[in-house]
Amino acid sequence: QFALVQYARMGEEIQPKDARPGDFMNICWKSGLGHSVVFLGWCEDAAGNKGVAFWSSQKSTNGFGDSVAPLANIRQVKIVRLTNPQALFTLDPAQKVNTKVPGDTINW
């Protein structure tokens with residue numbers, strides 16, 4: 001996702017409260033691992049547990065599919081919206097990308 005903003009200038013960072021289905025999301029799990037997904041929406045189950053629905057390619061989705069993760073398992077996220085797809089044709093692959101971009105907390 002960071003490459004869409006920094007490297008290709010194809011998107012912009014979005015705050016979690018402004019996320020819309022189709023935005024790209026990088027999840028930083030509390031376990032220390034991370035995952036890149038396509039955001040589908042914020043959700044809440046009958047017991048009041050809040051989560052995020054997303055589409056991704058991973059073993060638990062049998063290669064690709066929808067999944068829901070509890071917000072309690074997420075340390076922070078970074079969300080990017082594709083706003084300038086035509087920039088794909090003008091990107092400079094030699095440009096350096098900052099990979100130490102801090103994430104955003106989810107306040108819901």
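Residues numbered from 1 in each chain as written. Predicted model: local features only at pLDDT ≥ 70, side-chain atom pairs only at ≥ 80, totals over all residues. Heavy atoms only, no water.

1. Concerning the sheet that holds strand E6 (residues 74-82)
Basically, it comes down to this: For two strands to be treated as a pair, DSSP must find no fewer than two bridges joining them. Helix and strand assignments follow DSSP, with helices taken as H or I runs no shorter than four residues and strands as E runs no shorter than two, numbered in order from the N terminus. Orientation is described by axes fitted as lines to C-alpha atoms, over the contacting stretch for helices, and by angles from 0 to 180 degrees between their N-to-C directions.
Taken together, 6 strands build an open sheet; the order of strands is E1-E6-E2-E3-E4-E5 and the sheet is antiparallel. The strands lining the two open edges of the sheet, one partner per strand, are strand E1 (11-14) and strand E5 (65-70). Taking the axes of each pair of neighbouring strands and ignoring which way they run, one obtains an average angle of 40° across the sheet. The sheet contact formed by strand E2 (residues 24-29) and strand E3 (residues 34-44) spans 5 bridges and is antiparallel. From the neighbouring strand, Phe-24 faces E3, where its bridge partner is Val-38.

2. Structural notes on the environment of Trp-29
What counts here: Only protein chains enter the accessibility calculation, which uses a 1.4 Å probe; a residue whose area is less than 20% of its type maximum is buried, one above 50% is exposed, and one in between is partly exposed.
Considering the arrangement of structural elements, one finds Trp-29 in strand E2. Its relative accessible area of 18% is what places Trp-29 among the buried residues. As for Trp-29 and Asn-73, which are separated by 44 residues in sequence, their C-alpha atoms are 5.9 Å apart.

3. Details of the pattern of salt bridges
For side chains bearing opposite charge, pairing can occur when the charged atoms are close. The line we're drawing: Any carboxyl oxygen of Asp or Glu that lies within 4 Å of a side-chain nitrogen of Lys or Arg is treated as forming a salt bridge with it.
Scanning the entire structure with this criterion turns up 3 salt bridges. With a closest N to O distance of 3.3 Å, Asp-18 and Lys-17 form a salt bridge. Overall, Asp-18 belongs to the partly exposed group, its relative accessible area being 39%. Close ionic contact of Asp-23 with Arg-81 constitutes a salt bridge, the shortest N to O distance being 2.8 Å. Remark: Arg-81 occurs in strand E6 and Asp-23 occurs in the loop between E1 and E2; sequence separation between them is 58 residues. Here Asp-23 falls in the buried class, since its relative accessible area comes to 3%. On the accessibility criterion, Arg-81 (13% relative accessible area) is buried.

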